[in-house]
Every structure is written in structure tokens, then in C-alpha cells.
Amino acid sequence: MAAESKLKYDRDFLISVYKDMLFGRRFEERVNQAYQKGKFAGFCHLHIGQEAVCIGVQRSLRPSDYMISGYRSHTQAIAKGIDAKAVLSELFGKSDGCVRGKGGSMHMFSKEHRFLGGHGIVGGQTPIAAGVGFAIKYDKADDVMVCYLGDGACNQGQFFEALNMAAAWDLPVLYIIENNQYGMGTDFRRVTSVESLAKRALAFDIDNSQVDGMDVLKVYDHVSSIVSKMRKKPKPHLLEAHTYRYRGHSVSDPGSYRTKDEVAQFQARDPITTLGDYLKKHKVATEDELKSWDREIKDQMTEIEAFADASPKPDVSELWDHVFVD
């Protein structure tokens, strides 16, 4: 185990990060299978391929930090602390869902875990994040607000309005652009005037940076540094994480606008495989252990799906609950 002593990271940390990414991958695969079986319908956007961003960021935070996202948020909700059974039940429209089956795929939420959605409106989460950042500063807390958005959201008006407010008031908001290269089926370069989306921050004199979103340890290190500074001196930051989704924009999208070579190029950089190879190289885990963890997680997926299947549907009497303020 001589190689292990040279590791920058704790062995248990590395293993748990690997398992968390693998859990997210297997969860989304199970979601896709359930959709194909007709267990639920409507919009559904998978996070497969983007696990390094989700887990790397989450490991840089503490439970009291807030998080908000767009519609590709299943695994982000789980990483923030929402039980996977509650997430899948929500997808199935069941009463054990995190919002009692009334939100569906795009609207995960948990007040307890400070996960404020899941939002179906492209870019709609960005001004809400600024509002939460204002509340944090008003309360003189040292928490941070993490706001995920896609590359397509960077062309929406509310994105620019939110960044201006965050900059004007020095709000502790970390805006993270998950640049998976495509806004639905359109390459972001075709509709964006700049090659680097992080440069959009220059108009507001906001700190900005980029990170390899296919490398979970790079994401963890980079975001940890940003958050540490933000707690000491509140001010916004725009981070562009370069990542890639292996599936279509949604489950109904075949992704035929991408070449096989392009997909293969990014699959060769699979964040889970890459970290698995790192664990084996540094004697942290063996191939047999990786396979064993995978089997365990797949068994968990079976239990999670069985729970969601058995969960009852909301009673019709709840139809008008939570529509108006009491």
C-alpha cells in the first residue's frame, strides 16, 4: 500500500466519492428503464455523464448551504440529502415523493435539505438564487447559495439580471454552468457570441473560472477553494464546468445531432471509469471491489424501485393543497 500513502485524498473519501457517482449513474439508468416501461410519463432529463460535477460540488459544501437547479436535477437532489426513494417516488407521482408526487421530474424540492428545486423554466432559477443569497447576507450567515444552470440558460434575460443583482449587492451565490455542449439539440457555439461562457461574468465584474467537469477531484478542489473564500468575503462567482451528457436532452431525444466519434471521445473520459482507474492504480480498490460495489448499488436500485412502485398515489382530496397560502 505504499502508493496509497502518497495520495492527496483520504482513502475513505475517494471510495465514497466513487460510490456516490456510481449511485447517481445507476439511479438515472433505472429511471430511464422505468420510463420506457411506462411507469411514468412527461418530461424527464437524465444526468448521465455529468456525475463528477454533481458529486464534486456537493462534497465542497455543508448541509446548511442552499442549492437550486434546473430540470436535470434528480441526482443533485439525492446528493443534497433527499432520499433516493423519495426522488423516484416523486418521478412516479406517488405520495411518498419529496413533494408528494405533485412536482414530477423537473420539480424536486426539500425545505429540510435546503434544495429549492428543480425548475422547468430555463434560467428561472437564477433570480431566485440571488434572492436566497440576499437572505443569507441579510441574516449575516456564512452559508452559500449554489445555483446550477445549463449552457442554454446563459442566453436568457433573467440570467443577466440575476448576475447584475448578485454583483451589485455582493451576494454569496456560486452560479455553476454545466456546459454539456448542447442546449437541447443545438451546439452552444452556434448561438453564443463567446467561446467561454464564464466570460459572461466580465460584464458585471464578477469573479469567474472554468473547471474540467469530467474530473470529480478537480471539481472538488476548485469549488472548495471558491466556497472557502465566499464564506469569508461574500461575493458571487460564475463557474463554467465543462461536461457532457451521454444521453439525449430528454429521454425522448435520440441525440442524432451528435457524431459517434464525438460521443466516443467523451465516453473515453467517463468520470466514473476515470476515478475507478485512479483507485486501482493507487491500490485503494481492486477490480473485484469495484464490481462488488456496483452489484450492491444495483441491488439498492431494485429496492428503491419496489418502494416507489408500492407507494400510494396522492388522494384526490389533496388536489387544492399547497396551491394557495393558508
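See above for the structure.
What you see is a predicted model, and the numbers here were worked out from it, not measured in a lab.

Undergrad: Explain the pairing of strand E6 (residues 207–212) to me, please; I cannot follow it from the model alone.
TA: If a strand is regular, its side chains alternate between the two faces of the sheet. Sheet topology places E6 next to strand E7 (residues 237–242); six bridges connect them, and they run parallel. Among the inter-strand pairings, Gln210 is bridged to a residue of E7, identified as Glu240. With respect to chirality, the unit in which E6 leads through helix H8 (residues 216–232) into the neighbouring parallel E7 is right-handed.

Undergrad: What is the right way to read the side chain of Ser69 from this model?
TA: Within the element layout of this structure, Ser69 appears in the loop between strand E1 (66–68) and helix H3 (74–79). For Ser69, a relative accessible area of 2% puts it in the buried group. Engagement of the side chain of Ser69 in a polar contact is seen with the side chain of Gln76, the distance being 2.5 Å. Every residue in contact with Ser69, bar those within four places of it in the chain, is listed here: Gln76, Phe115, Gly117, Gly118, His119, Gln125 and Tyr148.

Undergrad: Please clarify how the side chain of Ser209 should be interpreted in this entry.
TA: Its place among the elements puts Ser209 in strand E6. A distance of 2.7 Å separates the side chain of Ser209 from the side chain of His222, its partner in a polar contact. If near-sequence neighbours (up to four positions away) are discounted, Ser209 is found in contact with Ala198, His222, Ile226, His237, Leu238, Leu239 and Glu240.

Criteria and thresholds
- Residues numbered from 1 in each chain as written.
- Predicted model: local features only at pLDDT ≥ 70, side-chain atom pairs only at ≥ 80, totals over all residues.
- Heavy atoms only, no water.
- Pairing = 2+ DSSP bridges.
- Helix = DSSP H or I, 4+ residues; strand = E, 2+ residues; numbered from the N terminus.
- Right-handed = clockwise from strand over helix to strand, strands pointing away.
- Buried < 20%, exposed > 50% of the residue type's maximum accessible area, 1.4 Å probe, protein only.
- Polar contact = N/O pair within 3.5 Å; in protein donor to acceptor, adjacent residues only side chain to side chain.
- Contact = heavy atoms within 4.5 Å.

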